[in-house]
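Now for the letters of each chain:
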Amino acid sequence: MTPANLDWANLTFSYTKTDYNVRCTYKNGEWGPIEVSDSEYIPLHIAASCLHYGQESFEGLKAFRGKDGKVRIFRMEENAKRFIRSAEGISMQPMPVELFCEMVRKVVKLNERFIPPYGTGASLYIRPLEIGVTPLVGVSPATEYIVIMLVTPVGPYFKNGFKPIKVCMSREYDRVAPKGTGSIKIGGNYAASLNAGQMAHSKGYGNMLYFDPKDKTYIDECGAANFFAIKDNTYITPGSETVLPSITNMSLEVLAEDLGMKVERRLFKVDEFNDFEECSACGTAAVCSPIGQIDDLDTGESYKFGKEGEAGPMTTALYNKLRAIQYGEEEDIHNWCEVLDI
Ligand code: PLP
Ligand code: COI
């Protein structure tokens, strides 16, 4: 039975209730069984460490209904590995890769009727999260943790589709600290970015492009997404320690090489914007979100890329190639997708 009230083609990147979520608790030194719940709520102690001291990490990945009707999950082992790094980064118990993958498979299968049909451009977003649940008043790591995985069908992240957005830069805002938590996916990073995001939106920008937090010289990342540029048939992305290693970016680098481009992961400054032919943000939610204009709010400089209102050709080619693999339209030569037996 498909959900009767869902307009697949017009889904946005927002929460829709599905049938089940899955949970797993770490207690007395071991992970328990995977539990299935139909409740959207969790019982939490009022002194739980996630509430007071921010012990929370999360992931984001997608399942796709392919051209052949099969369901594909994109690179979930990479999310599992990053989930471990995030847990370790804030002294939480890391979940083994195989248990993570088992939970993902289970939550997708349980909610199969919410996987959008092929051709709608939509997908099933999977959101794993881990929280410390031990009641604590002193600042120390919890001893009990819960991993929850919920799913929700989503459309494209950006309301206006695959069209260039305008972003801004400002040295007045940092997303993370130089030796801080930028390279892991914890809730605190997102809380710390909200003011910058609100400021950017209030001025009509799609997002904030951050400088590196140490020297305020190099380009870091773009809101909750990585950044890449194209110049002379070369894919250039910041080689910075303070950005989240994006699985989409990692995949696009491989596809860029497949398309005969050179790939450079290195630091670069605003000065290079004048040479860039194309710029884009990238991440699970949008794959690529082309950037047509970057305004430096501190200097008043404005940088423009490509034809007004159009995504550049290389960004478009990379976007199409990755989507084709995810929807089973093109052979998955890198073995990035797990096909589910449903
Ligand atoms: N950077 C940040 C801060 C993010 O939140 C995300 C989203 O997950 C990304 C980059 C893109 O990473 P991925 O491609 O793994 O989704
Ligand atoms: C992404 O998946 O690309 C994101 O930006 C994740 C965000 C919704 C937290």
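For the structure itself, look to the data block above.
What counts, and where the lines are drawn
- Residues numbered from 1 in each chain as written.
- Chains lettered and ligands numbered in written order.
- Predicted model: local features only at pLDDT ≥ 70, side-chain atom pairs only at ≥ 80, totals over all residues.
- Heavy atoms only, no water.
- Near = heavy atom within 4 Å.
- Polar contact = N/O pair within 3.5 Å; in protein donor to acceptor, adjacent residues only side chain to side chain.
- Areas by Shrake-Rupley, 256 points an atom, 1.4 Å probe, with all protein chains shown as cover.
- Nonpolar A, V, L, I, M, F, W, Y, C, P; charged D, E, K, R; others polar.
- Salt bridge = Lys/Arg side-chain N within 4 Å of Asp/Glu carboxyl O.
- Helix = DSSP H or I, 4+ residues; strand = E, 2+ residues; numbered from the N terminus.
- Core = buried A, V, L, I, M, F, W, Y, C linked by side-chain atoms within 4.5 Å.
- Buried < 20%, exposed > 50% of the residue type's maximum accessible area, 1.4 Å probe, protein only.
- Contact = heavy atoms within 4.5 Å.
- Axes fitted to C-alpha atoms, helices over the stretch in contact; angles between N-to-C directions.
- Parallel < 35°, antiparallel > 145°, perpendicular 65-115°, else oblique.
- Left-handed = near helix turned anticlockwise from the far one by under 90°.

Brief notes about the site of ligand 2
Argument step 1. Close to ligand 2 lie Phe13, Phe58, Arg127, Tyr190, Ala224, Gly283, Thr284 and Ala285.
Argument step 2. In the environment of ligand 2, an oxygen atom lies 2.6 Å from a nitrogen or oxygen atom belonging to the backbone of Ala224.
Argument step 3. One of the backbone N or O atoms of Thr284 is found 3.1 Å from an oxygen atom in ligand 2.
Argument step 4. Notes on ligand 2: free accessible area 290 Å², of which the protein chains cover 86%.
Argument step 5. Here the residues of the shell around ligand 2 are counted per class, giving five nonpolar, two polar and one charged.

Points about the pattern of salt bridges
Argument step 1. Evaluated as defined, the whole model comprises 21 salt bridges.
Argument step 2. The salt bridge involving Arg105 is made with Glu338; its shortest N-O contact spans 2.4 Å. A residue pair is termed long-range when its members are at least 10 positions apart, and Arg105 in helix α3 (residues 97-110) and Glu338 in strand β18 (residues 337-339) qualify at 233 residues.
Argument step 3. Taking the shortest distance from any N to any O, the salt bridge between Asp296 and Arg171 comes out at 2.8 Å. With Asp296 in strand β16 (residues 287-296) and Arg171 in the loop between β9 (165-169) and α4 (187-202), this residue pair connects regions lying 125 residues apart in the sequence.

Details of the nonpolar core
Argument step 1. In terms of nonpolar packing, the biggest core is built from 38 residues, with Ile73, Met95, Phe100, Val104, Val108, Ile126 and Met149 touching the most fellow members.
Argument step 2. If you list the elements that add at least two residues to this core, you get β1 (21-27), β5 (61-65), β6 (71-74), α2 (76-89), α3, β7 (123-132) and β8 (145-154).
Argument step 3. Looking at which element gives the most residues to this core, the answer is α3, with seven residues.
Argument step 4. Discounting chain neighbours no more than four positions away, the residues touching Val108 are Ala63, Val71, Ile73, Ile115, Leu124, Ile126 and Leu340.
Argument step 5. Counting residues in each nonpolar core, the second largest holds 21 residues, with Phe211, Val270, Cys279 and Phe305 among its members.

Section: the site of ligand 1
Argument step 1. Among the 15 residues in the neighbourhood of ligand 1, the closest are listed as Lys185, Tyr190, Ser246, Thr248 and Thr284.
Argument step 2. Side-chain polar atom of Arg82 to an oxygen atom of ligand 1: 2.8 Å apart, as the coordinates give it.
Argument step 3. Here ligand 1 loses 95% of its free accessible area of 380 Å² to cover by the protein chains.

Quick word on the packing of α2 against α3
When two helices pack together, their arrangement is given by the angle between the helix axes and by the axis-to-axis distance.
Argument step 1. Running from amino to carboxyl end, α2 crosses α3 at an angle of 125 degrees, the nearest separation of the two axes being 9 Å. Classified by the angle their axes make, α2 and α3 are oblique. As α2 runs across α3, the sense of the crossing is right-handed. Contact residues: α2 offers Met76, Glu77, Asn79, Ala80, Lys81, Phe83 and Ile84, while α3 offers Val97, Phe100, Cys101, Val104 and Arg105.
Argument step 2. Residues that form the contact of α2 with α3 fall into these classes: eight nonpolar, one polar and three charged.

Examining the environment of Met261
Argument step 1. In this fold, Met261 is placed in the loop between α5 (247-258) and β14 (262-265).
Argument step 2. Looking at Met261, the relative accessible area reads 5%, which means it is buried.
Argument step 3. C-alpha of Met261 to C-alpha of Val151: the two residues are 110 residues apart in sequence and 35 Å apart in space.
Argument step 4. For Met261, the residues in contact, after removing those within four places along its chain, are Ile230, Asn233, Thr234, Tyr235, Ala256 and Met314.

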